[in-house]
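Chain by chain, the residues:
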Amino acid sequence: MDKIKIGLFGGTFNPVHQGHIKAAERVQQKFCLDKVLFIPSNIPPHKNMDAVALPEHRLNMVKLAIADFSRFELCSVEMEAGGKSYSIYTLKKIKKMFPDNDVFFILGIDAFLEIDTWKDYEKVLQQCCFIVISRSGFRLLDAKKVIGGKYGGRICDVSGVQIGRDYKFFPGKIFLFPINALHVASTEIRKRIREGASWEGMVAERVEYYIKENRLYQ
Ligand code: ATP
């Protein structure tokens, strides 16, 4: 049987916004991924939890945001596990769920620049491919400087590269994928809601209703 290609898109998704959705769409198409799993973290180890909505709200919002995308799926392993969410454990579980398939870790350059703060990050980097996407305010090429340039040799810019369905992937590769990332962040959305400013169009319509109905981030 052919291998399938699975993208893991983890995040706090507090709330999930159009920047996440557009980025995941671009990556899914470029890398011919069979599915993209959206994995909301339970307790993100690197974020201040003060303004983080309850796990079930963040889960529900992701469900609503991806409802129209046949290749997107919600994956609740981190919430089911409880406690702090570490990518190394998530990856282990996903590999058990989908043995012998190609697994890709999808993340923005802002997150990749902090990878040396992750638990067992070297193992995570070894065990799957990484797809690093642009984020406004950050330079994608700075990925080459991460950890003193230690991983520079594994980095491959795919901007001009055509990736067909039979492209061979090897774990440990780090793909840089420049996209026109939407200039939107969950922090900004929360701030605008708090201050009564406009946040129109930043999240999917169903997510907007959900936030209003549940009076989140007030
Ligand atoms: P916050 O503002 O609360 O820090 P965020 O908007 O960065 O949140 P996260 O849920 O922390 O959202 O992000 C999950 C993943 O999505 C990260 O890898 C992040 O780099 C990426 N990401 C977030 N926003 C965008 C965007 N606008 N374009 C591309 N990638 C994004």
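Residues numbered from 1 in each chain as written. Predicted model: local features only at pLDDT ≥ 70, side-chain atom pairs only at ≥ 80, totals over all residues. Heavy atoms only, no water.

Novice: Help me out: how do you make sense of the overall build of the chain in this one?
Specialist: A tally of helices and strands in the chain yields nine helices and seven strands. Relative to the globule expectation of 17 Å for 218 residues, the C-alpha radius of gyration of the chain, 17 Å, shows essentially globular dimensions. Projecting the C-alpha coordinates of the chain onto the three principal axes gives extents of approximately 45 × 35 × 30 Å. Relative to its full complement of 218 residues, the chain shows a buried share of 49%. Across the chain, the fraction of contacts at a sequence separation of at least 24, relative to all contacts at a separation of at least 6, is 75%. In the form shown here, the chain has an accessible surface area of approximately 11,400 Å², with 49% of it arising from carbon and sulfur atoms. Here the chain holds 33 positive side-chain charges and 25 negative ones, and the gap between their average locations is 4 Å. (Helix = DSSP H or I, 4+ residues; strand = E, 2+ residues; numbered from the N terminus. Rg over C-alpha atoms; globule rule 2.2 N^0.38 Å. Buried < 20%, exposed > 50% of the residue type's maximum accessible area, 1.4 Å probe, protein only. Contact = heavy atoms within 4.5 Å. Areas by Shrake-Rupley, 256 points an atom, 1.4 Å probe, with all protein chains shown as cover. Lys, Arg positive; Asp, Glu negative; His and termini not counted. Charge placed at Lys NZ, Arg CZ, Asp CG, Glu CD.)

Novice: Would you mind going over the site of the ligand with me for this structure?
Specialist: Taken together, 24 residues are adjacent to the ligand, and Lys47, Asp110, Arg135, Ser186 and Thr187 come closest. At 3.0 Å, a side-chain N or O of His20 approaches an oxygen atom of the ligand. The contact in question runs from an oxygen atom of the ligand to an N or O atom on the side chain of Arg135, over 2.8 Å. Isolated, the ligand exposes 600 Å² of accessible area, and the fraction of that covered by the protein chains is 91%. Residue composition of the shell around the ligand, grouped by class: 10 nonpolar, 10 polar and four charged. (Near = heavy atom within 4 Å. Polar contact = N/O pair within 3.5 Å; in protein donor to acceptor, adjacent residues only side chain to side chain. Nonpolar A, V, L, I, M, F, W, Y, C, P; charged D, E, K, R; others polar.)

Novice: Sorry, what's going on with unusual backbone geometry here?
Specialist: For the bond running from Asn14 to Pro15, omega is 0 degrees, close enough to zero to count as cis. Note that Pro15 resides in the loop between strand 1 (5–11) and helix 1 (18–30). The phi dihedral of Phe13 falls on the positive side, at around 50 degrees, and the residue is not glycine. With respect to the secondary-structure elements, Phe13 resides in the loop between strand 1 and helix 1. What makes Phe13 buried here is its relative accessible area of 2%. Even without a glycine there, the phi angle at Arg215 is positive, about 50 degrees. Within the fold, Arg215 resides in the segment after helix 9 (205–213).

Novice: Just checking my understanding: could you explain the environment of His20 for this structure?
Specialist: Along the chain, the position of His20 falls in helix 1. Residue class for His20 comes out buried when judged on its relative accessible area of 15%. As a C-alpha pair, His20 and Pro55 span 35 residues in sequence and 18 Å in three-dimensional space. His20 has contacts with Phe9, Phe13, Pro15 and Ser186, leaving out every residue within four places of it along the chain.

Novice: Honestly, the packing of helix 2 (residues 55–66) against helix 9 in this entry has me stumped. Any pointers?
Specialist: One can describe the packing of helix 2 onto helix 9 by two numbers: an axis separation of 8 Å at closest approach and a directional angle of 155 degrees. In terms of orientation, helix 2 lies roughly antiparallel with respect to helix 9. Read as a crossing pair, helix 2 and helix 9 show a hand that is right-handed. Side by side, helix 2 and helix 9 meet where Glu56, His57, Asn60, Met61, Leu64 and Ala65 of the first sit next to Arg206, Val207, Tyr210 and Ile211 of the second. The residue inventory of the contact of helix 2 with helix 9, partitioned by class, reads six nonpolar, two polar and two charged. (Axes fitted to C-alpha atoms, helices over the stretch in contact; angles between N-to-C directions. Parallel < 35°, antiparallel > 145°, perpendicular 65-115°, else oblique. Left-handed = near helix turned anticlockwise from the far one by under 90°.)

Novice: Before we go on, may I ask you to explain the packing of aromatic side chains in this structure?
Specialist: What characterises a pair of aromatic rings is the spacing of the ring centres plus the angle enclosed by the ring planes. Taken as a whole, this structure holds 17 aromatic pairs when the rule is applied. Judged by centre distance (6.4 Å) and plane angle (40 degrees), the rings of Trp118 and Phe130 are tilted. Residue Trp118 is found in the loop between helix 5 (109–112) and helix 6 (121–127), and its partner Phe130 is found in strand 5 (residues 129–133); the two are separated by 12 residues along the sequence. Given a relative accessible area of 15%, Trp118 falls into the buried group. (Phe/Tyr/Trp six-rings, centres within 6.5 Å; stacked < 30°, edge-to-face > 60°.)

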